[in-house]
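Now for the letters of each chain:
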Protein chains: 2
Amino acid sequence: MTDATITCCAPIAREPLSESDAVEMAALLKAVADPVRLRLLSLIGSHAGGEACVCDLTDAFDLTAPTISHHLKVLRTAGLIDSERRGTWVYYWIIPSVVAKLGALFTPLSEPGAASGPVDVELVTA
Amino acid sequence: MTDATITCCAPIAREPLSESDAVEMAALLKAVADPVRLRLLSLIGSHAGGEACVCDLTDAFDLTAPTISHHLKVLRTAGLIDSERRGTWVYYWIIPSVVAKLGALFTPLSEPGAASGPVDVELVTA
DNA sequence: GCGCTGATTTGACAGATATCTAATCAGGGC
DNA sequence: GCCCTGATTAGATATCTGTCAAATCAGCGC
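Figured I'd write up the structure that's included with this text. None of these values were measured; they are calculated from a predicted model. (Residues numbered from 1 in each chain as written. Chains lettered and ligands numbered in written order. Predicted model: local features only at pLDDT ≥ 70, side-chain atom pairs only at ≥ 80, totals over all residues. Heavy atoms only, no water.)

**A few points about the sheet that holds strand E3 (residues 89-94) of chain A**
Residue and element names in this part refer to chain A.
Next up, step 1: In spatial order, the strands read E1-E3-E2; together these three strands make up an open sheet with antiparallel pairing. The sheet terminates laterally at strand E1 (51-53) and strand E2 (81-86), the two strands that pair on one side only. Strand-to-strand twist across the sheet, computed as the mean angle between neighbouring axes with direction ignored, equals 25°.
Next up, step 2: Sheet topology note: the E2/E3 ladder contains six bridges and is antiparallel. Considered in E3, the bridge of Glu 84 is made with Tyr 91. (Pairing = 2+ DSSP bridges. Helix = DSSP H or I, 4+ residues; strand = E, 2+ residues; numbered from the N terminus. Axes fitted to C-alpha atoms, helices over the stretch in contact; angles between N-to-C directions.)

Now the structure itself:
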């Protein structure tokens, strides 16, 4: 009966994840748990117009086109991105709500009165 | 002042992730990209006192003790949890700052005028 | 139609991973 | 010391995954 931890933690640390939720989220996480796919997602999301042509993406990696295509398919199958063919080129864009689902699992619930943002974590450590 | 894209997106969609950051985050993500490890993390975090004995965890799964031990090791090696032996039992607890690092990647930056929380996503979909 | 470029699919393969059994380590009680 | 319980390590194995080369598909221009 210790209710002291109601608003302290990330959802994953507040109550036990059900098995089905765990399976669902793990599938999503597996899709992004790869350096290439993380960078693909990032490149697509930060590209001008919110979408990127495959040709823009391939150059950023030392990988063959089929490999990039494979990774894009993994992201698309997971529901994180979608694509459309426009003439010769195929364009990809992020589905923000699905990306947010990932963040929601791990981000501490913001308490009114905290700093500006919900989390203030150093990402770039190089 | 109102630059349309400054506060719109998750960090991963705001600017391209560097390769080293991608590798670092992918390692973290790979650790949680498994249903068993997700539930372990959740069980540990939501357990009374913020820590859980291995004996508490093993019963929640249809897996052998060595397998649970393996998964705990993966989480610990990634830096997401830590452990301590106390007499006969070994206790595990979450390292919140590392968990928050995961969330920070995918959580849209909250705008001061947005709804209550930074993200409002349905997690339980069965 | 033909050839060219962009992108995906297929097939193959090396490396990683999740799981188990058996063995080992760590404390506590006798 | 000896045994019992809790937990980890070691070894083995079946499966999954990331990558590439080769083949195929999709538009476009001639």
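**Things to note about the protein's contact with DNA strand C**
Next up, step 1: In the region of DNA strand C, 25 residues are neighbours, and Cys53(A), Ser69(A), Tyr92(A), Thr67(B) and His71(B) sit closest.
Next up, step 2: Within 4 Å of the protein, the atoms of DNA strand C are drawn from sugar and phosphate moieties in a proportion of 78%.
Next up, step 3: Arg37(B) has a polar side-chain atom sitting 3.2 Å from a phosphate oxygen of DNA strand C.
Next up, step 4: Within the contact set of DNA strand C, a phosphate oxygen lies 3.1 Å away from a side-chain nitrogen or oxygen of Thr64(B).
Next up, step 5: For the surface near DNA strand C, the secondary-structure elements that each account for two or more residues are helix H4 (54-58), helix H5 (65-78) and E3 of chain A together with helix H4 (65-78) of chain B.
Next up, step 6: Here the residues of the surface near DNA strand C are counted per class, giving 10 nonpolar, eight polar and seven charged. (Near = heavy atom within 4 Å. Polar contact = N/O pair within 3.5 Å; in protein donor to acceptor, adjacent residues only side chain to side chain. Nonpolar A, V, L, I, M, F, W, Y, C, P; charged D, E, K, R; others polar.)

**Structural notes on the sheet that holds strand E1 (residues 51-53) of chain B**
All names here are of chain B.
Next up, step 1: Pairing in this open sheet of three strands is antiparallel, and the strands run E1-E3-E2 from one edge to the other. Edge positions in the sheet fall to E1 and strand E2 (81-86), since each of these pairs with one other strand and no more. Across this sheet, the average inter-strand angle for adjacent strands is 25°, counted without regard to direction.
Next up, step 2: Strand contacts of helix H2 (residues 35-46): E1, E2 and strand E3 (89-94), with the helix running at about 95° to E3, the strand carrying the most contacts. (Contact = heavy atoms within 4.5 Å.)

**A short note on the environment of Ser69(B)**
Next up, step 1: Relative to the elements of secondary structure, Ser69(B) occurs in helix H4.
Next up, step 2: Considering only alpha carbons, one finds Ser69(B) and Leu57(B), 12 residues apart in sequence, at a separation of 9.9 Å.

**Section: the packing of helix H3 (residues 35-46) of chain A against helix H1 (residues 19-32) of chain B**
Next up, step 1: For the pair H3(A) and H1(B), the least separation of the axes is 8 Å and the interaxial angle reads 120°. Relative to H1(B), the element H3(A) is oriented oblique. Considering the relative orientation of H3(A) and H1(B), their crossing is right-handed. Residues Pro35(A), Leu38(A) and Arg39(A) of H3(A) form the contact with H1(B), whose own contacting residues are Glu19(B), Ala22(B), Val23(B), Met25(B), Ala26(B) and Leu29(B).
Next up, step 2: Tallied by class, residues from the contact of H3(A) with H1(B) come to seven nonpolar, no polar and two charged. (Parallel < 35°, antiparallel > 145°, perpendicular 65-115°, else oblique. Left-handed = near helix turned anticlockwise from the far one by under 90°.)

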